[in-house]
Amino acid sequence: MILEPVGLPFSQVAELLDTLRTRGETVATAESLTAGLVAAALTDVPGASDVVRGGLVVYATDLKAELAGVDAELLAECGAVHPRVAEMLADGARIKCRADWGIGLTGVAGPDPQDGVAPGTVHLGFAGPGGAAVHSVRLPGDRHGVRAAAVRVALEHFADLLR
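Quick notes on the rules
Residues numbered from 1 in each chain as written. Predicted model: local features only at pLDDT ≥ 70, side-chain atom pairs only at ≥ 80, totals over all residues. Heavy atoms only, no water. Phe/Tyr/Trp six-rings, centres within 6.5 Å; stacked < 30°, edge-to-face > 60°. Helix = DSSP H or I, 4+ residues; strand = E, 2+ residues; numbered from the N terminus. Buried < 20%, exposed > 50% of the residue type's maximum accessible area, 1.4 Å probe, protein only. Core = buried A, V, L, I, M, F, W, Y, C linked by side-chain atoms within 4.5 Å. Contact = heavy atoms within 4.5 Å.

Student: Residues and numbers for the packing of aromatic side chains, please.
Tutor: On inspection of all chains with the given rule, the structure shows two aromatic pairs. Pairing Trp101 with Phe158 gives two aromatic rings, centres 5.4 Å apart and planes at 70°, and the pair type is edge-to-face. With Trp101 in strand β3 (residues 101-107) and Phe158 in helix α7 (residues 143-162), this residue pair connects regions lying 57 residues apart in the sequence. We note that Trp101, like Phe158, is buried. Seen from their ring centres, Phe126 and Phe158 are 6.3 Å apart, and the 5° between their planes marks the pair as stacked. Of this pair, Phe126 sits in strand β4 (residues 121-128) while Phe158 sits in helix α7, and the two are 32 residues apart along the sequence. Each member of the pair, Phe126 together with Phe158, is buried.

The structure is reproduced here in structure tokens:
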């Protein structure tokens, strides 16, 4: 089961999916830092296909622009780990996968900085019917710990947005 390593109770993810189902809404992801772990956590719950449309793994910077529609000039100027990139990833997931909601994640898992950005820096983007929002955090831990925490924080924050 994917959920145990990210420290998120199965019931919490099932509740999030039930909320989407009740609202008649869907979700999609565009993930860099987590390389599909958010989509995997969502789809670990039986019946997820009712509300999870799909996801994009855009680990390479050029794919963020090509597949998720992130502005190439933004990527060239600010790098791949930037709040606006997370927002554009979320919007790209929503548009490309024809979902009501998009979740986008970018960050640095470490152990080394990326483009001058410290390990543990994570930007979470959320795009939905009412607009877009970004939640930026600094997460402790090694590479695995940062990625697992990013999944947990993204899903918890998304659940809060749906309330």
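Student: Please provide a residue-by-residue account of the nonpolar core, values included.
Tutor: Residues Leu16, Leu17, Leu20, Leu42, Leu155 and Phe158 are the most contacted members of the largest nonpolar core, which totals 34 residues. When sequence neighbours within four positions are dropped, the list of residues in contact with Leu42 reads Val13, Leu16, Leu17, Val27, Thr29, Ala48, Val52 and Leu155. Within the second largest apolar cluster, 15 residues are counted, among which are Leu56, Ala80, Met88 and Leu89.

Student: Lay out the environment of Glu15 in plain terms, naming residues and giving numbers.
Tutor: Relative to the helices and strands, Glu15 is located in helix α2 (residues 10-23). The partly exposed category is assigned to Glu15, whose relative accessible area is 47%. When the C-alpha positions of Glu15 and Asp62 are compared, they lie 35 Å apart, and in sequence the two are 47 residues distant.

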